[in-house]
Amino acid sequence: MGSETINVGVIGTGAIGGIHAENLMRRTIGAKVVALMDIDRERAEAVAAACDGARVSHEVSDLIADPDVDAVLVASTDASHAEITIACIEAGKPVLCEKPLATTVADAERVLRAELATGRRLAQVGFMREYDQAHKDLYDLLRGGAIGAALKIRSLHVNPRFVRELTIDSVITNSLIHDIHSARWIMPSEVESAYVQWVPADQARPRSARLADIQLVFADGAIGSLEYNGDSGYGYEVKVEVTGETGLISTADHPSPALRHSGSVTRAITPNWPQRFAQAYIDEAQDWINAIQGNEATGPSAWDGYMSLVVADASIRSANTGRPERIVASEKPPLY
Ligand code: ISE
């Protein structure tokens, strides 16, 4: 593609779809949003109006088939991700699919099969923490040998307020899926087993989950603890710590000024994920566009999307059995 402008179609114009559309239009070099689609047409039209009059497609298939659309960003409902990503792959169009890649391992395997059939990487998965400076700094220090072999990873993922419908299953596939990917990305070896415990939000609904913890064991013997708090009451935070043979690395706190006033020192905490990861979403979009222009693949792959679902599946099995569950994954294809 060279340095031509990449015309992007955005499917799903809710919170994250709107952020991606605005980033692609206003904060990314070499990209333009030319088409959008959402089952809520009014919502799509509102985002299109902010995209210099991008077209609003009636159907997903129309947008993917549109000859003026070079690449597709999928930000629709989680359950629709796999089907739409497969359609983009089969149309030969690069696709950035928001996490999760699918809601079941079987659907993630279908995406893998579609991509393997083309012999090239077309799909990227929206695990944007790989583009967060604090995570990248920790990754670089660890992989640079600063603390020797990694022995344990701890992550804390805090959401500000509880969504009543969330169950341990949806917390794992929609929220903890980020922490699962981060653990797989940061730690040198693959996850071997997962053990889940959680605190229900409502004792009358035992599957509801306001706080959850996934204990991981990795192939090299390292361990992990991924904690999710869905009802912090104070704001949004994501922290990662890795203990190594000779030290410990912690992600830097999100930069915010210290306010000294009336005898105390306070520092703001981001209200939610759009603010905490604003720059990471921009860098993720720019990296995706640059890769398309260079006819290359970049960022988390469909294999990463599949493996995060495999670990999520083992975690949900553990929630059902009350025991640690082993990871059951396919052989990693050479393409990845
Ligand atoms: C949301 O979909 C995200 O991706 C956020 O990063 C995460 O913190 C939140 O829990 C998810 O619901």
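Residues numbered from 1 in each chain as written. Predicted model: local features only at pLDDT ≥ 70, side-chain atom pairs only at ≥ 80, totals over all residues. Heavy atoms only, no water.

Side note on the sheet that holds strand S15 (residues 325-326)
The strand order across the open sheet formed by seven strands is S12-S11-S7-S10-S9-S8-S15, and the pairing between neighbours is mixed. The sheet is open, and its two edges are formed by strand S12 (248-250) and S15, each paired on a single side. Two elements, strand S8 (residues 191-199) and strand S9 (residues 211-218), share eight bridges in a ladder whose sense is antiparallel. The residue bridging Trp198 from the neighbouring strand is Ala212, located in S9. Sitting on the sheet, helix H7 (residues 168-186) touches strand S7 (150-158), S8, S9, strand S10 (223-229) and strand S11 (237-244), and the angle it makes with S10 is about 140 degrees. The strands that helix H10 (residues 302-321) touches are S8, S9 and S15; relative to S8, the one it contacts most, it runs at about 50 degrees. (Pairing = 2+ DSSP bridges. Helix = DSSP H or I, 4+ residues; strand = E, 2+ residues; numbered from the N terminus. Contact = heavy atoms within 4.5 Å. Axes fitted to C-alpha atoms, helices over the stretch in contact; angles between N-to-C directions.)

Remarks on the domain arrangement of the protein chain
Many descriptions give the size of an interface as the accessible area lost when the pieces come together. Here the protein chain is partitioned into domain 1 (6-129) and domain 2 (133-277 + 309-326). If you average the C-alpha positions of domain 1 and of domain 2, the two centres end up 27 Å apart. Every contact between the two is made by 16 residues of domain 1 and, on the other side, 18 residues of domain 2. Carbon and sulfur atoms supply 69% of the area buried between domain 1 and domain 2, which totals about 1400 Å² over both sides. Looking only at domain 1, the three residues that lose the most surface to domain 2 are Val105, Phe127 and Arg129, adding up to 54% of its buried area. Linking domain 1 with domain 2 are one salt bridge. Of the charged contacts, one joins Arg129 and Asp179 as a salt bridge, the two residues approaching to 2.8 Å between their closest N and O atoms. The interface formed by domain 1 and domain 2 holds four residue pairs in polar contact (both at pLDDT 80 or more) in total. When contributions to the side of domain 1 that touches domain 2 are tallied by element, the ones reaching two or more residues are helix H1 (15-27) and helix H5 (105-118). In terms of residue count, H1 provides more of the side of domain 1 that touches domain 2 than any other element does, three residues in total. (Domains from an automatic or database assignment. Buried area = accessible area lost by both parts, 1.4 Å probe. Salt bridge = Lys/Arg side-chain N within 4 Å of Asp/Glu carboxyl O. Polar contact = N/O pair within 3.5 Å; in protein donor to acceptor, adjacent residues only side chain to side chain.)

Observations regarding the packing of aromatic side chains
A full pass over the atoms with the stated rule returns five aromatic pairs. Residues Tyr139 and Trp185 carry aromatic rings whose centres are separated by 4.8 Å and whose planes lie at 5 degrees to one another, so their mutual orientation is stacked. Residue Tyr139 is located in helix H6 (residues 133-143), and its partner Trp185 is located in helix H7; the two are separated by 46 residues in the primary sequence. Under the relative-accessibility criterion, Trp185 is labelled buried at 14%. Ring centres 6.1 Å apart and planes at 70 degrees place the aromatic pair Trp273 and Tyr281 in the edge-to-face group. Relative accessible area serves as the criterion here: at 4%, Tyr281 is assigned to the buried category. Members of the aromatic cluster, each reached through a chain of ring pairs, are Trp303, Tyr306 and Tyr336. (Phe/Tyr/Trp six-rings, centres within 6.5 Å; stacked < 30°, edge-to-face > 60°. Buried < 20%, exposed > 50% of the residue type's maximum accessible area, 1.4 Å probe, protein only.)

Some remarks on the site of the ligand
Lining the immediate environment of the ligand, one finds Lys99, Met128, His157, Asn159, Asn174, Ser175, His178, Tyr236 and Trp273. His157 places a polar side-chain atom, nitrogen or oxygen, 2.6 Å from an oxygen atom of the ligand. At 2.8 Å from an oxygen atom of the ligand is found a side-chain nitrogen or oxygen belonging to His178. Computed on the free molecule, the ligand has an accessible area of 300 Å², of which 84% lies beneath the protein chains in the complex. When residues of the shell around the ligand are assigned to their parent elements, the largest contribution, three residues, is made by H7. In the shell around the ligand, the residues fall into three nonpolar, five polar and one charged. (Near = heavy atom within 4 Å. Areas by Shrake-Rupley, 256 points an atom, 1.4 Å probe, with all protein chains shown as cover. Nonpolar A, V, L, I, M, F, W, Y, C, P; charged D, E, K, R; others polar.)

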